[in-house]
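# Structure at a glance
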Amino acid sequence: DTGVSQNPRHKITKRGQNVTFRCDPISEHNRLYWYRQTLGQGPEFLTYFQNEAQLEKSRLLSDRFSAERPKGSFSTLEIQRTEQGDSAMYLCASSLAGVQPQHFGDGTRLSIL
Amino acid sequence: AQSVAQPEDQVNVAEGNPLTVKCTYSVSGNPYLFWYVQYPNRGLQFLLKYITGDNLVKGSYGFEAEFNKSQTSFHLKKPSALVSDYALYFCAVRDTGTYKYIFGTGTRLKVLA
């Protein structure tokens, strides 16, 4: 299967720890998105990359959150000093250029103890 | 600011009956509109999109959606519901001039056998 891959699927950590998630998009897709989804809500936009450039970032994204896509391929999302409110499903999606459908991974579920 | 509203948390329909899942939007420019479906513990899957042209858009799994500019709506429809259509459905909008997608809160579709 050559879909969007996210690792790990589930991360449990203690409050205050740092966590990093990885997303491997579909190989020919130059656009990559990160979203956060909490129970009963739709995906909430976090950030967007076109190739290696981070072109848009939500104002809701605090300084504890950072994302990279160093070579325009895979991407990482890091959360520093995790808080209870960070517990959520983190979704990655990729797409071709233009107004094209986003292909989503199955997400990383973050649980903060 | 762009926004999406899905007024129904849940829609119940009998198997074989037509279904409608409602979505209204607000954007400053011309909207790009999407419907996605989400199965438990999975990422979202693309169903259909509207960019321009014919107001009736056909998509995957027999779903279609009708764009109505005057009512700023983009309702999802299917002529005959299947039990396998049971899932969470999300409407999304992207405004022209931005890469940011806004998702609705989702509507759970329950199909009664």
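Up top is the structure these notes are about.
Residues numbered from 1 in each chain as written. Chains lettered and ligands numbered in written order. Predicted model: local features only at pLDDT ≥ 70, side-chain atom pairs only at ≥ 80, totals over all residues. Heavy atoms only, no water.

### Observations regarding the pairing of strand S9 (residues 73–78) of chain B
Residue and element names in this part refer to chain B. Counting buried residues in S9 gives five out of six residues, a clear majority hidden from the surface. One ladder, built from three bridges, connects strand S3 (residues 19–21) with S9; its direction is antiparallel. If you follow Thr20 over to S9, its bridge partner there is Lys77. Between the end of strand S8 (residues 64–68) and the start of S9, which pair antiparallel, lie four residues, with Thr72 showing a positive phi angle near 45°. (Buried < 20%, exposed > 50% of the residue type's maximum accessible area, 1.4 Å probe, protein only. Helix = DSSP H or I, 4+ residues; strand = E, 2+ residues; numbered from the N terminus. Pairing = 2+ DSSP bridges.)

### Regarding the packing of aromatic side chains
What characterises a pair of aromatic rings is the spacing of the ring centres plus the angle enclosed by the ring planes. This structure, assessed with the given rule, holds 18 aromatic pairs over all chains. Each ring, one from Tyr50 of chain B and one from Phe67 of chain B, has its centre 4.1 Å from the other, and the planes form 20°; the classification is stacked. One end of the pair, Tyr50 of chain B, is in strand S6 (residues 44–50); the other, Phe67 of chain B, is in strand S8, with 17 residues separating them in the sequence. For the pair formed by Tyr50 of chain B and Phe67 of chain B, the shared burial category is buried. Each member of the aromatic cluster is reached from another via a ring pair, and the members are Tyr33, Tyr35, Phe45, Tyr48 and Phe104 of chain A together with Phe34, Tyr36, Phe46, Tyr99, Tyr101 and Phe103 of chain B. (Phe/Tyr/Trp six-rings, centres within 6.5 Å; stacked < 30°, edge-to-face > 60°.)

### Here we look at unusual backbone geometry
Note that the residue after Asn7 of chain A, namely Pro8 of chain A, is joined by a cis bond; omega there is -5°. With respect to the helices, strands and loops of the structure, Pro8 of chain A is situated in the loop between strand S1 (5–7) and strand S2 (10–13). In the Ramachandran plot, Asn51 of chain A falls in the positive-phi region, its phi being about 55° despite a non-glycine side chain. Tracing the chain through its elements places Asn51 of chain A in the loop between strand S5 (44–50) and strand S6 (53–57). Residues other than glycine seldom take positive phi values, yet Thr72 of chain B does so here, at roughly 45°. Take Thr72 of chain B: it is sitting in the loop between S8 and S9.

### Let's talk about the nonpolar core
Of all hydrophobic cores here, the largest spans 28 residues; its most connected members are Trp35, Leu47, Leu48, Phe74, Leu76 and Tyr89 of chain B. Of all elements in the fold, only strand S2 (10–14), S3, strand S5 (31–38), S6, S8, S9, strand S10 (87–95) and strand S12 (107–112) of chain B reach the threshold of two or more residues within this core. Per-element accounting of this core gives the leading share, four residues, to S10 of chain B. If we ignore the near neighbours within four places in the chain, the residues touching Leu47 of chain B are Trp35, Tyr36, Val37, Gly59, Ser60, Tyr61, Phe63, Leu76 and Tyr89 of chain B. Counting 19 residues, the second largest nonpolar core, distinct from the first, contains Cys23, Trp34, Leu46 and Leu110 of chain A. (Core = buried A, V, L, I, M, F, W, Y, C linked by side-chain atoms within 4.5 Å. Contact = heavy atoms within 4.5 Å.)

### Observations concerning the environment of Glu66 of chain B
All names here are of chain B. Tracing the sequence through the fold places Glu66 in strand S8. The partly exposed category is assigned to Glu66, whose relative accessible area is 38%. Note: C-alpha distance between Glu66 and Leu56 (ten residues apart in sequence) is 4.6 Å. Not counting the four nearest positions on each side in its chain, Glu66 is found in contact with Asn55, Leu56, Ser73, Phe74, His75 and Lys77. In this structure the side chain of Glu66 is engaged in a polar contact, spanning 3.1 Å, whose partner is the side chain of Lys77. (Polar contact = N/O pair within 3.5 Å; in protein donor to acceptor, adjacent residues only side chain to side chain.)

### What about the interface of chain B and chain A?
Where interface size is quoted, it is often the accessible area lost as the parts come together. Tallying the contact residues gives 20 residues for chain B and 24 residues for chain A. Together, the buried faces of chain B and chain A total about 1,900 Å²; carbon and sulfur atoms form 53% of this surface. Applying the counting rule to chain B against chain A returns one salt bridge. In this structure, Arg42 of chain B and Asp106 of chain A form a salt bridge, with 3.0 Å as the shortest nitrogen-oxygen distance. Linking chain B to chain A there are seven residue pairs in polar contact (both at pLDDT 80 or more). Looking at the side of chain B that touches chain A, the elements that each hand over two or more residues are S5, S6, S10 and strand S11 (101–103) of chain B. Broken down by element, the side of chain B that touches chain A gets its largest block of residues, four residues, from S5 of chain B. Within the side of chain B that touches chain A, the residues separate by chemical class into ten nonpolar, six polar and four charged. (Buried area = accessible area lost by both parts, 1.4 Å probe. Salt bridge = Lys/Arg side-chain N within 4 Å of Asp/Glu carboxyl O. Nonpolar A, V, L, I, M, F, W, Y, C, P; charged D, E, K, R; others polar.)

### A look at the state of the cysteines
Overall, the coordinates contain two disulfides over all chains when judged by the stated rule. Two residues, Cys23 of chain A and Cys92 of chain A, share a disulfide whose sulfurs are 1.9 Å apart. Taking the sign of the S-S torsion, about -65° here, the bridge from Cys23 of chain A to Cys92 of chain A comes out left-handed. Of the two residues, Cys23 of chain A sits in strand S3 (residues 19–24) while Cys92 of chain A sits in strand S9 (residues 88–95), which places them 69 residues apart along the sequence. An identical accessibility class is assigned to Cys23 of chain A and Cys92 of chain A; each is buried. Residue pairing for Cys23 of chain B: its cysteine sulfur links by disulfide to Cys91 of chain B, the two sulfurs lying 2.0 Å apart. One disulfide, between Cys23 of chain B and Cys91 of chain B, carries an S-S torsion of -65° and so falls in the left-handed class. (Disulfide = S-S within 2.5 Å.)

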